[in-house]
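An overview of the molecular structure
So the chains spell out like this:
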Amino acid sequence: MTASIATNQTILVVGGGISGMTAALEAAECGKQVILVEKTPVLGGRTARLYRYFPKMCHPTCGLEINLRRIKQNRNIRLMTMTEVVSATGSRGNYSVTLKVAPRFVNENCTACGKCAEAVSAEVANPWNYGLDKMKAAYLPHNMAHPQRYVIDPSIVGTPEGEKAKAACPVGAVDLEMKEETVTLQVGVLVWATGWRPYDAAKIQPYGYGRFKNVITSLEFERLADPHGPTGGKILRPSDGKEAKNVAFIQCAGSRDENHLRHCSRICCMASLKQTQYVREAFGDEGKSTVYYIDIRAIDRFEDFYQNVQKDATVSFVKSKVARIAENAENGNPILHGVNTEGYQRYAVEHDLVVLAVGMEPEITGVKLPDDVILDSSNFIEGSKDQGMFGAGAAASPLDVNRAVQSATAASLRAIQVIRKTASTEAV
Amino acid sequence: MTTANQAAIERYRNNFLKEVEANVEEGHMVKMCMQCGVCAGSCPLGPHWTHSPQKIFMMIRAGKRDEVLGSDSMFMCTSCYNCMVRCPRQLPITHIMHGLANYAHRLGLAPKGQPTRDFATLFWNNLSKKGRVNELMLTLQHYFRNGLVAGIKEAMAMQGIGLGMFKAKRINPMEIFGGHGVKDLKGFHAIIAKAKEIEDRKKGFTA
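Note that the coordinates shown come from a computational prediction; the quantities given were computed from them, not determined experimentally.

1. A few points about the overall build of chain A
Of regular secondary structure, chain A possesses eight helices and 24 strands. The globule rule puts the C-alpha radius of gyration for 428 residues at 22 Å, and the 23 Å found for chain A is close to it. Along the first, second and third principal axes, the C-alpha set of chain A runs to 70 × 55 × 35 Å. For chain A, the proportion of its 428 residues judged to be buried stands at 48%.

Given below as structure tokens:
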């Protein structure tokens, strides 16, 4: 379908998070043809799963909303969801890309009325809440979903549950016969905006993530604080649903560690400082946050944010990398063991909930990319040898939303330059 | 021994880090420590010694030579390797601690009367005599290290275990007459002497 519009003057953006959306928009608004490919059924990526941004503490809904509107209005962008890049061959200005489009089982007729979700009773783990709760197997990923089209989970296709969804649809949008498709495109430039994923916290054995219910990751904490999250915005701990008023934040959980991620993930200090303010917002002076850190790296211009959090009486800082976590079997409280290096006092402190500020691992770790792509020692994309492929946003470096947008804009400009060069050679 | 110490002071002046890098096993890794404190928190013997590993590393960089080489900490290390496994910079902490202990011992600065160090010395002297450990003599020497009365008290307190080991043939009372040894005792002593000579040469100590 879209294959016919792609030429070697087309830019292919891989990944529909904040970076991919930005890169696609900047190029499209300059009049370039862009194909935006996204693996999941919706745009927004990890940004859509945050509760608030630092430093202004505003909601991602706002910024994403603007970008989504720009995308909807722009005719130069072709959006392909549930699509993955299988291979990319060729060279600068002339790539052949093979894409795999997974079946959505819902066609363009969908009006997002939600009748299929009402009819279906089967449930699957909800990836948009990092698996903290379950959702119906016929679902709209989240309220801001673009495209606003339901998805039928493959697990109920070919079962009576799938037939129920089909029967419930008033506009005949459910198509259980959809098959996986393979599409080949010719494009001029590739922008890899494949983003990041949280480092698997279970690999940090002494912290007991996965063994102790009240040890969670910073991303799961975002969902707990979000009104659209599994607890409706109440900070309730997983083991017993009790309000978690005494929260510990452990920095460098996986980052700056030769045994895990070598790099500093940069965002985690600011993310934890931000999250201490969620605790304050929820419980006022009764809330208590403790940040365990090696050194606080409030990147760039955010030192004032750090200073303001330091002034907050409910937040305390302990300069120490926590050695291990144990669990109080009676009340399920995690107990943190370690040594405070400012004064060398040994501590064993109980908290209601422990939040691991997990590091950023490139989403492409373990994925075979074209040979031409150059990666750094942590698998972040530096570019390609023939300068026809670029990394953007968190795929290129561990970045927060603000800096990811800057990085994506820069990648977009480079892509436009390649397209212009290709066009001028062809004219000759 | 004091001469070796004076020579080292003379040679490295105020740069103790350089001295450690040159003379202590894996000493070049000391400067990689970022003071996160995970080793201190991971050490099962942590509460029982004066300086935690990351404190020792900082003291080395601060040039606190006497305090580091006179510390009891290195001798309390049981080689459990907890710190090494968790260290985010992959410092070979256990090896450095043993390297420091060895260096302090050679310079004659290691703490006197430190129990684990005393026992290690006792063990080595016992072992190097015949190439086999004489358990009976080792035990007796250990019990009577603080004099006759204390020794009898300790031996009485432990007699249950002693008798059990005797019944299980883990201790032989006949060992009091010198005990068993390796077949080629002369060869064994030659090996030990050669090894010491090589190590002395490598570490710059003249015998």
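Here the narrative resumes.
2. Notes on the environment of glycine 338 of chain A
Looking at where glycine 338 of chain A falls in the secondary structure, it is placed in strand E18 (residues 334-340). Residue glycine 338 of chain A is classed as buried on the basis of its C-beta count, with 26 C-beta atoms lying within 10 Å. When the C-alpha atoms of glycine 338 of chain A and isoleucine 325 of chain A are compared, they prove to be 9.0 Å apart, with 13 residues separating the residues in sequence. Here glycine 338 of chain A is in contact with Ser320, Lys321, Val322, Ala323 and Tyr347 of chain A together with Gly37 and Gly41 of chain B, once residues within four sequence places are set aside.

3. Section: the domain arrangement of chain B
Domain annotation for chain B reports domain 1 (2-112) and domain 2 (115-200). The distance between the C-alpha centroids of domain 1 of chain B and domain 2 of chain B comes to 29 Å.

4. Some words on unusual backbone geometry
Residue and element names in this part refer to chain A. The omega angle of the peptide bond from phenylalanine 54 to proline 55 is 0°, so this bond is cis rather than trans. In this structure, proline 55 sits in the loop between strand E2 (33-37) and helix H2 (60-73). The step from histidine 146 to proline 147 runs through a cis peptide bond, and the omega angle for that step is 0°. Inspection of the secondary structure assignment puts proline 147 in the loop between strand E8 (138-139) and strand E9 (151-152). The phi dihedral of tyrosine 130 is positive, around 50°, even though this residue is not glycine. Mapped onto the secondary structure, tyrosine 130 falls in the loop between strand E6 (123-125) and strand E7 (134-136).

5. Observations concerning the pairing of strand E20 (residues 353-358) of chain A
Residues and elements named next belong to chain A. Where burial is concerned, most of E20 is hidden: six out of the six residues are buried. Burial along E20 is two-sided: the residues Leu353, Val355 and Ala357 and Val354, Leu356 and Val358 are all buried. Examined bridge by bridge, strand E13 (residues 215-217) and E20 share three bridges and lie parallel to one another. Within E20, the residue paired with isoleucine 216 across the bridge is valine 355.

6. Section: the nonpolar core
Taken as a class, soluble globular proteins show a tendency for nonpolar side chains to be buried jointly. Val13, Val191 and Leu356 of chain A are the most contacted members of the largest nonpolar core, which has 156 residues in total. In this structure, leucine 356 of chain A is in contact with Ala201, Tyr207, Tyr209, Val215, Thr217, Ser218, Ile250 and Ala253 of chain A, ignoring residues within four places of it in sequence.

7. Thoughts on the domain arrangement of chain A
All names here are of chain A. Each assigned domain of chain A is listed with its residue range as follows: domain 1 (2-101 + 180-195 + 363-427), domain 2 (115-168) and domain 3 (198-360). Inter-centroid distance (C-alpha atoms) of domain 2 to domain 3 is 32 Å. Across the boundary between the two partners, domain 2 contributes six residues, which contact six residues of domain 3. Grouping the constituent residues of the side of domain 2 that touches domain 3 by class yields two nonpolar, three polar and one charged.

8. Overview of the interface of chain A and chain B
Contacts between chain A and chain B engage 17 residues on the former and 17 residues on the latter. Ranked by residues supplied to the side of chain A that touches chain B, first place goes to E18 of chain A with three residues.

9. A short note on the sheet that holds strand E5 (residues 94-101) of chain A
Residue and element names in this part refer to chain A. Spatially, the three strands line up as an open sheet ordered E4-E5-E10, and their pairing is antiparallel. Of all the strands in the sheet, the pair left with one neighbour each is strand E4 (83-91) and strand E10 (181-187). For this sheet, the mean inter-axis angle between neighbouring strands, taken without regard to orientation, is 20°. In this sheet, E10 lies alongside E5 in antiparallel orientation, the contact comprising seven bridges. Bridge pairing links valine 97 to leucine 185 in E10.

10. Some words on helix H5 (residues 218-225) of chain A
Residues and elements named next belong to chain A. Counting buried positions over the eight residues of H5 gives eight, a clear majority of the element. Buried residues of H5: Ser218, Leu219, Glu220, Phe221, Glu222, Arg223, Leu224 and Ala225, and no others. Against strand E12 (196-198), E13, helix H6 (267-283) and E20 lie the buried residues of H5.

11. Structural notes on the sheet that holds E2 of chain A
Residue and element names in this part refer to chain A. Taken in spatial order, the five strands line up as E3-E2-E1-E11-E24 in an open sheet, and their pairing is parallel. Strand pairing shows two members of the sheet lacking a second neighbour, strand E3 (77-80) and strand E24 (389-391), which therefore form its edges. Shown here is a sheet whose adjacent strand axes are inclined to one another by a mean of 20°, direction ignored. By the bridge criterion, five bridges tie strand E1 (residues 10-14) to E2 in an arrangement that is parallel. Looking across to E2, one finds that leucine 12 is bridged to isoleucine 35.

12. Notes on the packing of helix H9 (residues 115-130) of chain B against helix H10 (residues 135-143) of chain B
Residue and element names in this part refer to chain B. Where H9 contacts H10, the two axes come as close as 10 Å, and the packing angle between them is 150°. Put simply, H9 runs roughly antiparallel to H10. With respect to the hand of their crossing, H9 and H10 are arranged in right-handed fashion. Between H9 and H10, the residues in contact are Phe119, Leu122, Phe123 and Asn126 and Met137, Leu138, Gln141 and His142, respectively. Tallied by class, residues from the contact of H9 with H10 come to five nonpolar, three polar and no charged.

Rules and cut-offs
Residues numbered from 1 in each chain as written. Chains lettered and ligands numbered in written order. Predicted model: local features only at pLDDT ≥ 70, side-chain atom pairs only at ≥ 80, totals over all residues. Helix = DSSP H or I, 4+ residues; strand = E, 2+ residues; numbered from the N terminus. Rg over C-alpha atoms; globule rule 2.2 N^0.38 Å. Buried ≥ 20, exposed ≤ 12 C-beta atoms within 10 Å, placed from the backbone. Contact = placed C-beta atoms within 7 Å. Domains from an automatic or database assignment. Pairing = 2+ DSSP bridges. Core = buried A, V, L, I, M, F, W, Y, C linked by C-beta atoms within 7 Å. Nonpolar A, V, L, I, M, F, W, Y, C, P; charged D, E, K, R; others polar. Axes fitted to C-alpha atoms, helices over the stretch in contact; angles between N-to-C directions. Parallel < 35°, antiparallel > 145°, perpendicular 65-115°, else oblique. Left-handed = near helix turned anticlockwise from the far one by under 90°.

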